[in-house]
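This is what each chain is made of:
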Amino acid sequence: MSITAETAYSSSSAANIRAAAVRRFAFTDSLFHILTRLSAALVLVILGGVAVSLVAGAWPALSTFGWSFLVTESWNPVTEKFGALAPIYGTLVTSLIAIVIAVPIGIGIAMFLTELCPRSLRRPIGIAVELLAGIPSIIYGIWGLFVFAPFLQVHLQPFVIKLFHGVPGLSSLFSGPPYGIGLMTSGLILAIMVLPFITSITKDVFDTVPAVLKESAYGIGCTTWEVTRRVVIPYTRVGIMGGVMLGLGRALGETMAVTFVIGNAHRISASLFAPGTTISASIANEFTEADGELYTSSLIALGLILFVITFLILAASRFMLMRIERRAGS
Amino acid sequence: MITLIRSTALAAMAVALSITTVPADAADITGAGATFPYPIYAKWADAYKQETGIGLNYQSIGSGGGIKQIKAKTVIFGASDAPLKGEDLDSTGLAQFPMVMGGIVPVVNLEGIKPGDLVLDGPTLADIFLGKIANWNDEAIQKLNPDAKLPDQAIAVIHRSDGSGTTFNFSYYLADVNADWKEKVGVATALEWPVGLGAKGNEGVANNVAQTSGAIGYVEYAYAKQNKLTYADMINKDGNKVEPTAAAFSAAAANADWSSQPGYGVILANQPGAESWPMTAATWILVYKKPDNPDATADALKFFAWSYAKGDDMAGALDYVPMPDNVVKSVEEMWSKDIVGSAGKPLYAE
């Protein structure tokens, strides 16, 4: 009798404890839910805030120049006539050069590290790549100005200019005087700067390919090239694209290194060796001394354009990925 | 035990507070603006602090930034290499006075050409920066330098990419001597350059000229000297060939009519005088005539008066040129007349 009463008592208290525990779990869970949702919402709020303040700051310039702001090359602080064409051109061209050079090299390094590299080399090369990513951009700028640009000026540019002299198209793309700094130099420095991003992300996604997939491909007699080309890359293309986009994002917005080596001239030249400017370099160079509302506002409008360009490129890459996925699925 | 810890902490806090209140009595003077005079302001401030215990917190953010900051009243004084116009001073209630001077020199990188070997005049210099003269063996340059062996080499023009009081003074001179420059490019701290490459800061221009064969640029004299660059002599307004020296900068200042412009806003470019260097530039200080914080402004004026009185040698050592005595006297008279506290009492007493 006394025993049954005790068990009854203990079982009911156990139920109470369990209910309390469940309530506690439910509470922490919903708290966690709210916290994560708030964090996610915060991103949207910050992004919206940036966009709104950019538009507000750029409004005087945009309302004065209208759409012609986008297609005017002139940037004249004296007459207060501003156009964004030259910085837009410089931003896109330098980023394009950087991506064209860095993507194949980055993927190549990642392939070597994951598929071909002897174990003893894997760590040193991996660490070297990460160190490259850790160097502050101002260091790249100084190195570019004092070491890389003079090297290009003395050794590479005169040679290239002479080589393509008289070749239609190429002769205007690579024409002198060899300043050493310019669009091409900036593109090369940017390529070095975005390379580690592309490499390390590509390497990480290559590592996610299930060993079984690769082994079965090797099993039916595929070469290493075929395994990488037919199995690894298709399996990881979303991740690779992510790495490329991250690199492109850095190239588009990079300021200090580019300011040092681009030549800072608001002009569009046919030659890749000619000085140019980018959106972020213009802002960094001119913001402190920009007097007058229209001047400051035009610089903020440049910032808005960079914001929009980055957004458009990200959206385009998402769209492209969606199409690839759909085709792969069907 | 807890009370012991608490009382120790309180005592420590009291000590810390009493330490911080000592400099708080003698608050630092705050200022912001032009980069060109920053080295000499820093040197003066250092010596002044040793003598009086009052420090200077000067942010060299550029002339435009200095004007913005003083208008926003976030600093006690602003500094600018480009003077404000009379109507701006009237509408904002600011007083303006020149603090120190320097010279802008054209620097070149040409094989076989040493400092003093090359002579240029204003119109030719303007044509080079317009891109109208694009080769070193151009007739116009050769005519000014009959004895020099000028190479058949393209001219690489290097200019400032950031907004700058140096560019303002340089373009003011070019516009003064060349109608084409005045019409096509104009005068400002930042320009739409017809040709050339932009480099950031005086040091950027100096470095790019040093690296690029066939280059020409313009920098503050101190940078040309420190980087051992080849500077060109100039033909001044009186038609004389002058070398960039402190004496030549002083001559331009002495020949200027300082009372002719409100706020001593005389640009020293192209001043008359046989010895005058044509690209001399002054830099100005801006303070409120009726400041919100009269004590701080009085402290700042004391510092400026001290710099005028005792800073000449330090300025000379850094290749700056002190203001002439008559200008200093006139500025101090203006202070004791125009800059007043809340009761209308002058903040500066001689």
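Preceding this paragraph is the structure being described.
Asker: Talk me through the overall build of chain B; I want residue IDs and the actual numbers.
Answerer: Per the secondary structure count, chain B includes 14 helices and 13 strands. Along the longest, intermediate and shortest principal axes, the C-alpha atoms of chain B span 85 × 50 × 35 Å. Counting over 350 residues, chain B shows a buried share of 55%. When contacts within chain B are restricted to residue pairs at least 6 apart in sequence, long-range pairs at least 24 apart make up 74% of them. Averaging the coordinates of the 26 positive side-chain charges in chain B and doing the same for the 39 negative ones gives two points 5 Å apart.

Asker: Describe the pattern of salt bridges, listing the residues and the values that go with them.
Answerer: All names here are of chain B. The tally for this structure, following the rule as stated, stands at 14 salt bridges over all chains. Ionic pairing is found between K310 and E51, a salt bridge with its closest N-O pair at 3.2 Å. Placement of the pair is K310 in helix α12 (residues 294–310) and E51 in helix α2 (residues 38–52), with a sequence separation of 259 residues. Overall, E51 belongs to the partly exposed group, its relative accessible area being 48%. A salt bridge links D127 to K132, with the shortest nitrogen-to-oxygen separation between them at 3.6 Å. The network of salt bridges with shared partners includes D127, K132, D180 and K184.

Asker: Give a description of the packing of aromatic side chains that names residues and reports values.
Answerer: Inspection of every chain in the model, using the stated rule, returns 31 aromatic pairs over all chains. Ring plane angle 10° and centroid distance 6.0 Å describe the contact between Y58 of chain B and F77 of chain B, whose orientation is recorded as stacked. One end of the pair, Y58 of chain B, is in strand β2 (residues 56–59); the other, F77 of chain B, is in strand β3 (residues 77–80), and 19 residues separate them in sequence. As far as burial versus exposure is concerned, Y58 of chain B and F77 of chain B are alike and both buried. Looking at K68 of chain B, its charged tip hangs above the ring of F287 of chain A, at a distance of 6.0 Å from the centre.

Asker: Please give an account of the sheet that holds strand β10 (residues 233–235) of chain B that cites residues and values.
Answerer: Residues and elements named next belong to chain B. The strand order β5-β10-β11 describes an open sheet built from three strands, whose pairing is mixed. Strands with a single pairing partner mark the edges of an open sheet, and in this sheet they are β5 (119–121) and β11 (241–242). Across three bridges, the pairing between β5 and β10 is parallel. Looking at the pairing, L120 lines up with M234 of β10. The sheet contacts of helix α5 (residues 122–130) involve β5 and β10, and relative to β5 the element is tilted by about 85°.

Asker: Describe a nonpolar patch on the surface, listing the residues and the values that go with them.
Answerer: Residues I138, I139, I142, W143, F146 and V147 of chain A make up a contiguous nonpolar surface patch of roughly 510 Å² in combined accessible area. When you line up the elements, I139 of chain A lands in helix α5 (residues 137–163).

Asker: Describe unusual backbone geometry, and please don't skip the residues or the numbers.
Answerer: In the Ramachandran plot, N264 of chain A falls in the positive-phi region, its phi being about 45° despite a non-glycine side chain. Mapped onto the secondary structure, N264 of chain A falls in the loop between α10 (256–261) and α11 (279–286). You can call N264 of chain A buried: its relative accessible area is 7%. Despite not being glycine, D319 of chain B has its phi angle at roughly 65°, a positive value. Tracing the backbone shows D319 of chain B in the loop between α13 (312–317) and β13 (321–322). D319 of chain B sits in the buried class, given a relative accessible area of 18%.

Asker: How would you explain the nonpolar core if you had to name every residue and give the values?
Answerer: Among the nonpolar cores identified, the biggest contains 177 residues, and F97, F129, W258 and W335 of chain B are the most heavily contacted of them. The element that contributes the greatest number of residues to this core is helix α7 (residues 183–207) of chain A, accounting for twelve residues. Those residues within four positions of W258 of chain B in sequence are excluded, and the remaining contacts are P98, M101, A253, Y264, V266, L268, A282, M323 and V327 of chain B. Counting nine residues, the second largest nonpolar core, distinct from the first, contains V75, L84, L89 and L94 of chain B.

Asker: Go over the environment of K182 of chain B with me, naming the residues and quoting the values.
Answerer: Tracing the backbone shows K182 of chain B in helix α8 (residues 179–184). Taking the C-alpha atoms as reference, K182 of chain B lies 8.6 Å from S171 of chain B; in sequence the two are eleven residues apart.

Asker: So, the side chain of T91 of chain A: which residues are in play, and what are the values?
Answerer: All names here are of chain A. Its place among the elements puts T91 in helix α3 (residues 85–116). Separated by 2.6 Å, the side chain of T91 and the backbone oxygen of P87 make a polar contact. Beyond its immediate sequence surroundings of up to four residues, T91 is in contact with L252, T277, T278, I279 and L306.

Asker: Any details on the interface of chain A and chain B? Residues and values, ideally.
Answerer: Between chain A and chain B, the contact holds 27 residues from the first and 32 residues from the second. Here chain A meets chain B over a buried area of about 2200 Å², counting both sides, of which 46% is carbon and sulfur. Contact with chain B buries surface across chain A, with V78, Y179 and E289 of chain A losing the most and accounting together for 28% of the total. Viewed at the interface, chain B and chain A are joined by ten residue pairs in polar contact (both at pLDDT 80 or more). Taken together, the elements giving at least two residues each to the side of chain A that touches chain B come down to β1 (75–76), α5, α11 and α12 (293–329) of chain A. When residues in the side of chain A that touches chain B are grouped by element, the largest group, four residues, is from α5 of chain A.

Asker: So what's going on with the packing of α2 of chain B against α12 of chain B? Which residues, and what values?
Answerer: All names here are of chain B. Running from N to C, α2 and α12 cross one another at 105°; their axes reach a closest spacing of 10 Å. Judged by the angle between their axes, α2 and α12 are roughly perpendicular. Judged by residue contacts, Y41, W44, A45, A47, Y48 and E51 of α2 engage D299, K302, F303, W306, S307 and K310 from α12. Its residues assigned to classes, the contact of α2 with α12 shows seven nonpolar, one polar and four charged.

Asker: Describe in detail the environment of G48 of chain A, supporting the description with residues and values.
Answerer: By the secondary structure assignment, G48 of chain A is in helix α1 (residues 2–65). On a C-alpha basis, the gap between G48 of chain A and V22 of chain A in space is 39 Å, while along the polypeptide they are 26 residues apart.

Asker: Before we move on, could you go through α2 of chain B and cite the residues and values that matter?
Answerer: Residues and elements named next belong to chain B. Here α2 is 15 residues long and its end C-alpha atoms lie 20 Å apart, about the 21 Å a rise of 1.5 Å per residue gives. All of the buried residues along α2 are I40, Y41, W44, A45 and Y48. Buried residues along α2 cover an arc of 135° about the axis, so they all sit on one side. Buried-residue contacts for α2 involve β2, β3, β4 (94–109), β12 (280–288), α12 and α13. Phi turns positive, to about 85°, at G53, one or two residues after α2.

Asker: Talk me through the packing of α12 of chain B against helix α14 (residues 325–338) of chain B; I want residue IDs and the actual numbers.
Answerer: Residue and element names in this part refer to chain B. Interhelical geometry of α12 versus α14 gives an angle of 165° and a closest axis separation of 11 Å. With respect to each other, α12 and α14 are oriented roughly antiparallel. Regarding α12 and α14, the two cross each other, and that crossing is left-handed. Across from L301, F304, A305 and Y308 in α12, the residues of α14 making contact are V328, V331, E332 and W335. A class-by-class count of the residues in the contact of α12 with α14 yields seven nonpolar, no polar and one charged.

Parameters and conventions
- Residues numbered from 1 in each chain as written.
- Chains lettered and ligands numbered in written order.
- Predicted model: local features only at pLDDT ≥ 70, side-chain atom pairs only at ≥ 80, totals over all residues.
- Heavy atoms only, no water.
- Helix = DSSP H or I, 4+ residues; strand = E, 2+ residues; numbered from the N terminus.
- Buried < 20%, exposed > 50% of the residue type's maximum accessible area, 1.4 Å probe, protein only.
- Contact = heavy atoms within 4.5 Å.
- Lys, Arg positive; Asp, Glu negative; His and termini not counted.
- Charge placed at Lys NZ, Arg CZ, Asp CG, Glu CD.
- Salt bridge = Lys/Arg side-chain N within 4 Å of Asp/Glu carboxyl O.
- Phe/Tyr/Trp six-rings, centres within 6.5 Å; stacked < 30°, edge-to-face > 60°.
- Lys NZ or Arg CZ within 6 Å of the ring centre and 35° of its normal.
- Pairing = 2+ DSSP bridges.
- Axes fitted to C-alpha atoms, helices over the stretch in contact; angles between N-to-C directions.
- Patch = residues over 30% accessible without salt bridge, like charges linked within 9 Å, V, L, I, M, F, W, Y side chains within 5 Å.
- Areas by Shrake-Rupley, 256 points an atom, 1.4 Å probe, with all protein chains shown as cover.
- Core = buried A, V, L, I, M, F, W, Y, C linked by side-chain atoms within 4.5 Å.
- Polar contact = N/O pair within 3.5 Å; in protein donor to acceptor, adjacent residues only side chain to side chain.
- Buried area = accessible area lost by both parts, 1.4 Å probe.
- Parallel < 35°, antiparallel > 145°, perpendicular 65-115°, else oblique.
- Nonpolar A, V, L, I, M, F, W, Y, C, P; charged D, E, K, R; others polar.
- Expected span 1.5 Å × (residues − 1).
- Arc of directions from axis to C-beta.
- Left-handed = near helix turned anticlockwise from the far one by under 90°.

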